[in-house]
Amino acid sequence: MLIKRVVINASPLIVLFKSQQADLLPQLFSEIIVPVGVWDEVTGTAQNDAASRQLSKVTWARRVESGEIPQEVAAWDLGKGESEVLSLALNDSNLAAIVDDRAARRCCQALSILTIGTGRLIILAKQRGLIDYVSPRIQALQDAGLWLSDNLINLLKQQAGE
(Lines give C-alpha, C1' and ligand atoms only; values in the text may rest on other atoms or scores of the structure.)
Protein backbone atom coordinates (compact mmCIF):
# COMPACT_ATOMS: atom_id res chain seq x y z
CA MET A 1 0.00 0.00 0.00
CA LEU A 2 1.32 3.43 -0.93
CA ILE A 3 1.06 5.84 1.99
CA LYS A 4 0.55 9.42 0.85
CA ARG A 5 -0.57 11.26 3.99
CA VAL A 6 1.01 11.13 7.45
CA VAL A 7 0.64 12.70 10.86
CA ILE A 8 3.95 12.88 12.73
CA ASN A 9 4.97 12.95 16.38
CA ALA A 10 7.68 15.14 17.97
CA SER A 11 10.48 12.61 18.43
CA PRO A 12 10.57 11.47 14.78
CA LEU A 13 10.51 15.13 13.67
CA ILE A 14 13.32 16.05 16.07
CA VAL A 15 15.65 13.20 15.06
CA LEU A 16 14.94 13.77 11.36
CA PHE A 17 15.84 17.45 11.65
CA LYS A 18 18.88 16.75 13.87
CA SER A 19 20.16 14.12 11.44
CA GLN A 20 19.50 16.46 8.48
CA GLN A 21 17.03 14.00 6.94
CA ALA A 22 13.72 15.86 7.38
CA ASP A 23 13.82 16.69 3.67
CA LEU A 24 12.86 13.05 3.01
CA LEU A 25 9.36 13.65 4.41
CA PRO A 26 7.99 15.81 1.55
CA GLN A 27 9.69 13.51 -0.96
CA LEU A 28 7.93 10.47 0.54
CA PHE A 29 4.50 11.90 1.33
CA SER A 30 2.12 14.39 -0.28
CA GLU A 31 0.86 15.68 3.08
CA ILE A 32 2.70 15.90 6.41
CA ILE A 33 0.43 16.89 9.29
CA VAL A 34 1.85 18.17 12.57
CA PRO A 35 -0.69 18.47 15.41
CA VAL A 36 -0.53 21.73 17.39
CA GLY A 37 0.64 19.90 20.54
CA VAL A 38 3.54 18.35 18.61
CA TRP A 39 4.36 21.65 16.89
CA ASP A 40 4.47 23.45 20.25
CA GLU A 41 6.60 20.68 21.78
CA VAL A 42 9.13 20.90 18.94
CA THR A 43 9.24 24.70 18.65
CA GLY A 44 8.88 25.53 22.37
CA THR A 45 10.76 28.57 23.61
CA ALA A 46 13.13 26.46 25.71
CA GLN A 47 14.20 24.55 22.61
CA ASN A 48 17.11 25.80 20.55
CA ASP A 49 17.92 22.90 18.27
CA ALA A 50 17.68 22.13 14.58
CA ALA A 51 14.04 21.02 14.80
CA SER A 52 12.83 24.06 16.73
CA ARG A 53 14.61 26.44 14.36
CA GLN A 54 13.60 24.71 11.10
CA LEU A 55 10.06 23.39 11.61
CA SER A 56 8.38 26.79 11.38
CA LYS A 57 10.37 27.57 8.21
CA VAL A 58 9.51 24.51 6.13
CA THR A 59 6.64 24.77 3.68
CA TRP A 60 5.70 21.09 3.72
CA ALA A 61 4.52 20.77 7.34
CA ARG A 62 0.85 21.53 7.94
CA ARG A 63 -0.02 22.55 11.51
CA VAL A 64 -3.44 21.17 12.51
CA GLU A 65 -5.71 21.32 15.56
CA SER A 66 -6.49 17.79 16.70
CA GLY A 67 -9.77 18.51 18.44
CA GLU A 68 -10.99 16.45 21.36
CA ILE A 69 -9.03 13.28 22.15
CA PRO A 70 -11.29 10.22 21.73
CA GLN A 71 -11.70 8.12 24.88
CA GLU A 72 -10.13 5.06 23.25
CA VAL A 73 -6.90 7.07 22.77
CA ALA A 74 -7.09 8.96 26.09
CA ALA A 75 -7.36 5.62 27.93
CA TRP A 76 -3.73 4.87 26.96
CA ASP A 77 -2.52 7.90 28.97
CA LEU A 78 0.05 8.88 26.35
CA GLY A 79 1.69 12.28 26.08
CA LYS A 80 -0.16 15.23 24.57
CA GLY A 81 1.65 14.96 21.22
CA GLU A 82 1.17 11.19 20.84
CA SER A 83 -2.50 11.50 21.80
CA GLU A 84 -3.07 14.20 19.18
CA VAL A 85 -1.23 12.22 16.49
CA LEU A 86 -3.22 9.07 17.20
CA SER A 87 -6.52 10.97 17.43
CA LEU A 88 -6.02 12.47 13.97
CA ALA A 89 -4.99 9.09 12.52
CA LEU A 90 -7.91 7.33 14.20
CA ASN A 91 -10.37 9.82 12.69
CA ASP A 92 -8.89 9.58 9.17
CA SER A 93 -8.11 6.09 7.87
CA ASN A 94 -6.05 7.62 5.04
CA LEU A 95 -3.49 8.94 7.54
CA ALA A 96 -0.55 6.90 8.80
CA ALA A 97 0.94 7.82 12.18
CA ILE A 98 4.71 8.31 12.39
CA VAL A 99 5.54 7.39 15.99
CA ASP A 100 8.45 5.65 17.68
CA ASP A 101 7.22 5.49 21.28
CA ARG A 102 6.48 1.86 22.22
CA ALA A 103 3.23 2.61 24.10
CA ALA A 104 1.99 4.79 21.22
CA ARG A 105 2.79 2.01 18.73
CA ARG A 106 0.90 -0.51 20.89
CA CYS A 107 -2.07 1.85 21.00
CA CYS A 108 -1.95 2.14 17.20
CA GLN A 109 -1.90 -1.63 16.88
CA ALA A 110 -4.85 -2.01 19.27
CA LEU A 111 -6.86 0.65 17.38
CA SER A 112 -5.83 -0.58 13.88
CA ILE A 113 -4.03 2.68 13.06
CA LEU A 114 -1.41 2.37 10.32
CA THR A 115 1.97 3.15 11.88
CA ILE A 116 5.41 3.97 10.53
CA GLY A 117 8.56 4.23 12.62
CA THR A 118 11.38 6.63 11.82
CA GLY A 119 13.61 3.73 10.75
CA ARG A 120 10.97 2.57 8.27
CA LEU A 121 11.06 6.01 6.62
CA ILE A 122 14.67 5.33 5.64
CA ILE A 123 13.65 1.98 4.08
CA LEU A 124 10.87 3.72 2.12
CA ALA A 125 13.37 6.33 0.91
CA LYS A 126 15.66 3.60 -0.42
CA GLN A 127 12.78 1.66 -2.00
CA ARG A 128 11.71 4.81 -3.83
CA GLY A 129 15.23 5.56 -5.04
CA LEU A 130 15.73 8.69 -2.92
CA ILE A 131 18.83 7.32 -1.17
CA ASP A 132 21.42 4.70 -2.09
CA TYR A 133 22.18 3.13 1.31
CA VAL A 134 20.29 2.89 4.60
CA SER A 135 23.25 2.12 6.90
CA PRO A 136 24.68 5.68 7.07
CA ARG A 137 21.16 7.10 7.37
CA ILE A 138 20.33 4.78 10.28
CA GLN A 139 23.63 5.71 11.94
CA ALA A 140 22.74 9.41 11.53
CA LEU A 141 19.39 8.79 13.26
CA GLN A 142 21.19 7.06 16.12
CA ASP A 143 23.72 9.90 16.37
CA ALA A 144 20.76 12.30 16.57
CA GLY A 145 19.39 10.42 19.57
CA LEU A 146 17.08 7.72 18.19
CA TRP A 147 17.55 4.48 20.08
CA LEU A 148 17.30 1.40 17.88
CA SER A 149 17.97 -2.14 19.06
CA ASP A 150 20.57 -4.19 17.21
CA ASN A 151 17.79 -6.56 16.12
CA LEU A 152 15.80 -3.68 14.61
CA ILE A 153 18.87 -2.26 12.86
CA ASN A 154 19.58 -5.70 11.36
CA LEU A 155 15.94 -6.06 10.31
CA LEU A 156 15.93 -2.62 8.64
CA LYS A 157 19.17 -3.39 6.78
CA GLN A 158 17.76 -6.77 5.73
CA GLN A 159 14.56 -5.12 4.44
CA ALA A 160 16.73 -2.69 2.47
CA GLY A 161 18.80 -5.51 1.01
CA GLU A 162 22.03 -4.45 2.74
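Thresholds, definitions, all that
- Residues numbered from 1 in each chain as written.
- Predicted model: local features only at pLDDT ≥ 70, side-chain atom pairs only at ≥ 80, totals over all residues.
- Heavy atoms only, no water.
- Helix = DSSP H or I, 4+ residues; strand = E, 2+ residues; numbered from the N terminus.
- Rg over C-alpha atoms; globule rule 2.2 N^0.38 Å.
- Contact = heavy atoms within 4.5 Å.
- Areas by Shrake-Rupley, 256 points an atom, 1.4 Å probe, with all protein chains shown as cover.
- Lys, Arg positive; Asp, Glu negative; His and termini not counted.
- Charge placed at Lys NZ, Arg CZ, Asp CG, Glu CD.
- Pairing = 2+ DSSP bridges.
- Buried < 20%, exposed > 50% of the residue type's maximum accessible area, 1.4 Å probe, protein only.
- Right-handed = clockwise from strand over helix to strand, strands pointing away.

Novice: Can you help me understand the overall build of the protein in this one?
Specialist: Helix and strand counts for the protein stand at ten helices and five strands. A compact globule built from 162 residues should have a C-alpha radius of gyration of about 15 Å, and the protein, at 15 Å, falls within 12% of that. Each principal axis of the C-alpha atoms in the protein carries an extent, and together these give about 45 × 35 × 25 Å. Taking the intrachain contacts of the protein between residues at least 6 apart in sequence as the baseline, contacts between residues at least 24 apart amount to 63%. When the accessible surface of the protein is summed, it comes to about 8400 Å², and 45% of that surface belongs to carbon and sulfur atoms. Here the protein holds 16 positive side-chain charges and 18 negative ones, and the gap between their average locations is 6 Å.

Novice: How do you make sense of unusual backbone geometry when you look at a structure like this?
Specialist: The general pattern is negative phi for most residues beyond glycine and trans for most peptide bonds. Positioned with a positive phi, Asp 77 is a non-glycine residue whose angle comes to about 55°. For Asp 77, the position within the fold is in the loop between helix H5 (71–74) and helix H6 (80–91). A positive phi angle is found at Ser 112, which is not glycine, with a value near 60°. Here Ser 112 shows up in the loop between helix H7 (102–110) and strand E5 (115–116).

Novice: What is the right way to look at the environment of Ala 50 in this model?
Specialist: Considering the arrangement of structural elements, one finds Ala 50 in helix H4 (residues 50–54). Setting aside chain neighbours within four positions, we find Ala 50 in contact with Phe 17 and Lys 18.

Novice: Looking at this structure, I do not really get the sheet that holds strand E2 (residues 31–35). What am I missing?
Specialist: The strands making up a sheet are joined through hydrogen bonds of the backbone, oriented either antiparallel or parallel. Strand order across the open sheet formed by five strands is E3-E2-E1-E4-E5, with parallel pairing between neighbours. In this open sheet, the two edge strands, each paired with only one partner strand, are strand E3 (61–64) and E5.

Novice: Is there a simple way to explain the environment of Leu 95 in this structure?
Specialist: Position of Leu 95 relative to the elements: it lies in strand E4 (residues 95–98). Given a relative accessible area of 5%, Leu 95 falls into the buried group. With 89 residues separating them along the chain, Leu 95 and Val 6 place their C-alpha atoms 5.0 Å apart. Excluding residues that lie within four positions of it along the chain, Leu 95 makes contacts with Arg 5, Val 6, Val 7, Ile 33, Leu 88, Ala 89 and Leu 114.

Novice: I would appreciate a short explanation of the environment of Ala 75 in the present structure.
Specialist: Among the structural elements, Ala 75 can be located in the loop between H5 and H6. Owing to a relative accessible area of 55%, Ala 75 belongs among the exposed residues under this scheme. When the C-alpha atoms of Ala 75 and Cys 107 are compared, they prove to be 9.5 Å apart, with 32 residues separating the residues in sequence.

Novice: Where do I start with the pairing of E4 in this structure?
Specialist: Both faces of the sheet carry side chains from a regular strand, because those side chains alternate between them. Where burial is concerned, the two faces of E4 agree: the one with Leu 95 and Ala 97 and the one with Ala 96 and Ile 98 are both buried. One ladder, built from four bridges, connects strand E1 (residues 5–8) with E4; its direction is parallel. Note on E4: the bridge partner recorded for Val 6 is Ala 96. Strand direction decides the pairing type here: E4 and E5, joined by two bridges, are parallel. Following the sheet pairing, Ile 98 is matched in E5 by Ile 116. The parallel pair E4 and E5 is bridged by H7, and the resulting crossover is right-handed.

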